[in-house]
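Coordinate analysis (summary)
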Amino acid sequence: MNPKHLVTLMVLFCSILAHAQEYATVYFYRSASLKGAAINYNIYDDTVLIGKMTPGQVLMYYAKPGDRQFIAKMESKSIALMTVDAGKSYFVECGVSIGVVVGNPTMRQVSSQRGIPAIAKINPNLKINTAQLAEFTLDETEFKSDTVRALSNLFERKRKGGKTRGVVFLIWGVAGLAAGDPAVLPGVITLGVISATGFSQASKYNGDYLDLLVKEYQGGKPLPPKIKSKFKEKDFR
């Protein structure tokens, strides 16, 4: 090898090593599965695109140290709020939960004990520096990630349910008015009220409110009792 080329490679290697020490390394992975196999989505670091997540995919991302908001985004979205340190490695498990009509992205931080074997099955050639694994409480972190995912699913379910109720009862109300029979007027008014409550629910469970609850929950504030009472088992899947 030409000595000049060797020097260039050494400089490049040192540059990459220094870069890795200044940033946190975050591994996003999605196992190959028939469930939602046709569904792909983008992953962002706040507004910065990291890449497209497809089945059997691993994305390695150098993140700036500090509080990060990673977002898996389609029509709906999933959020993973993490605090990352320079020189440390983190793992985020991605997937899809199948809804009534379409699939929703899922994303949660997991331990290295869970992430490394899963990534090895997807890409056996990918080398992970196990000397730089981030330390965190497994149960607490994964519990919080599960809760954040469930919160996202809850809001998506409430939005869809509210919109569906609003549209269906609005159509029935308009049909009643079109009939021109004064006797159905009380029923039309009732349908209008039900329709309004549906649209109101869809508006209440908006993305800004979800982001606020997630931020407060990750900061140690408990979820409001009214929100906790709305959870269903399927929200945690």
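The following paragraphs examine the structure supplied in this document. Within each chain, residue numbers correspond to sequence positions counted from 1 in written order. With the structure being a predicted model, the display of local features is reserved for residues of pLDDT at least 70 and the display and counting of side-chain atom pairs for 80 or more, all residues being used for whole-chain, interface and lining totals. Hydrogens and water are ignored here; the side-chain numbers use all heavy atoms of the structure.

**Some details on the overall build of the chain**
- Check the secondary structure of the chain and you find 6 helices and 8 strands.
- Starting at the N terminus and walking to the C terminus, you meet the elements of the chain as α-β-β-β-β-β-β-β-β-α-α-α-α-α.
- By residue count, 39% of the 237 residues in the chain fall in the buried class.
- For the chain, the proportion of contacts with a sequence separation of at least 24, taken over those separated by at least 6, is 68%.
- Computed by Shrake-Rupley with a 1.4 Å probe, the accessible areas treat only the displayed protein chains as cover when residues are assessed. On the chain, roughly 13800 Å² of surface is accessible, and the fraction owed to carbon and sulfur atoms is 60%. For helices the rule is a DSSP run of H or I covering at least 4 residues; for strands it is a run of E covering at least 2, with both sets numbered from the N terminus onward. A 1.4 Å probe rolled over the protein chains alone gives each residue an accessible area, and that area as a share of the maximum for its type sets the label: buried under 20%, exposed over 50%, partly exposed in between. Contacts were defined at the residue level, with two residues in contact if any of their heavy atoms lie within 4.5 Å.

**Some words on the sheet that holds strand β3 (residues 48–53)**
- Pairing between two strands requires that DSSP report at least two bridges joining them. Spatially, β3-β2-β5-β6 is the arrangement adopted by the 4 strands of the open sheet, whose pairing is antiparallel. Of all the strands in the sheet, just β3 and β6 (77–84) have a single pairing partner and so form its edges. The mean inter-strand angle of the sheet, taken between neighbouring strand axes irrespective of direction, is 20°.
- The sheet contact formed by strand β5 (residues 66–73) and β6 spans 8 bridges and is antiparallel. Whenever a helix is involved, its axis is fitted only over the stretch in contact; in every case the axis is a line through C-alpha atoms, and angles between N-to-C directions fall within 0 to 180 degrees.

**A look at the environment of threonine 83**
- Looking at the element boundaries, threonine 83 is found in strand β6.
- We classify threonine 83 as exposed; its relative accessible area is 52%.
- Along the backbone, threonine 83 and glutamine 69 are 14 residues apart, and their C-alpha atoms lie at a distance of 8.8 Å.
- Sequence-distant contacts of threonine 83, that is, excluding residues within four places in its chain, are made with Gly66, Asp67 and Tyr90.
- A distance of 2.7 Å separates a polar atom in the side chain of threonine 83 from a polar atom in the side chain of aspartate 67. Polar contact criterion, stated in full: a pair of N or O atoms within 3.5 Å, where within protein one must be able to donate a hydrogen and the other to accept it, and residues adjacent in sequence count only if both atoms are side-chain atoms.

**Regarding the environment of serine 203**
- Looking at where serine 203 falls in the secondary structure, it is placed in helix α4 (residues 185–204).
- Spatially, the C-alpha atom of serine 203 lies 8.8 Å from that of lysine 163, the residues being 40 residues apart in sequence.

**Brief notes about the pattern of salt bridges**
- Salt bridge, as used here: a side-chain nitrogen of Lys or Arg that lies within 4 Å of a carboxyl oxygen of Asp or Glu. Under the definition given, this model contains 7 salt bridges.
- The salt bridge involving lysine 221 is made with glutamate 216; its shortest N-O contact spans 3.8 Å.
- Looking at lysine 221, the relative accessible area reads 47%, which means it is partly exposed.
- Since its relative accessible area comes to 28%, glutamate 216 is described here as partly exposed.
- Residues participating in the shared-partner salt-bridge network are Glu93, Arg108 and Arg114.

**Points about the pairing of β3**
- Bridging between strand β2 (residues 41–45) and β3 involves 5 bridges; their strand directions are antiparallel. In the sheet register, isoleucine 43 faces β3, and the bridge partner there is glycine 51.
- Taking the residues between adjacent antiparallel strands as the criterion, β2 and β3 are bridged by 2 residues, where aspartate 46 takes a positive phi near 60°.

**Thoughts on helix α2 (residues 112–122)**
- What α2 keeps buried is the set Ser112, Gly115, Ala118 and Ile119. Seen end-on, α2 carries its buried residues on one side only, within an arc spanning 145°. When the buried face of α2 is taken as reference, the exposed residues oriented beyond 90 degrees from it are Gln113 and Lys121. It is the directions from the helix axis to the C-beta atoms whose arc is reported.

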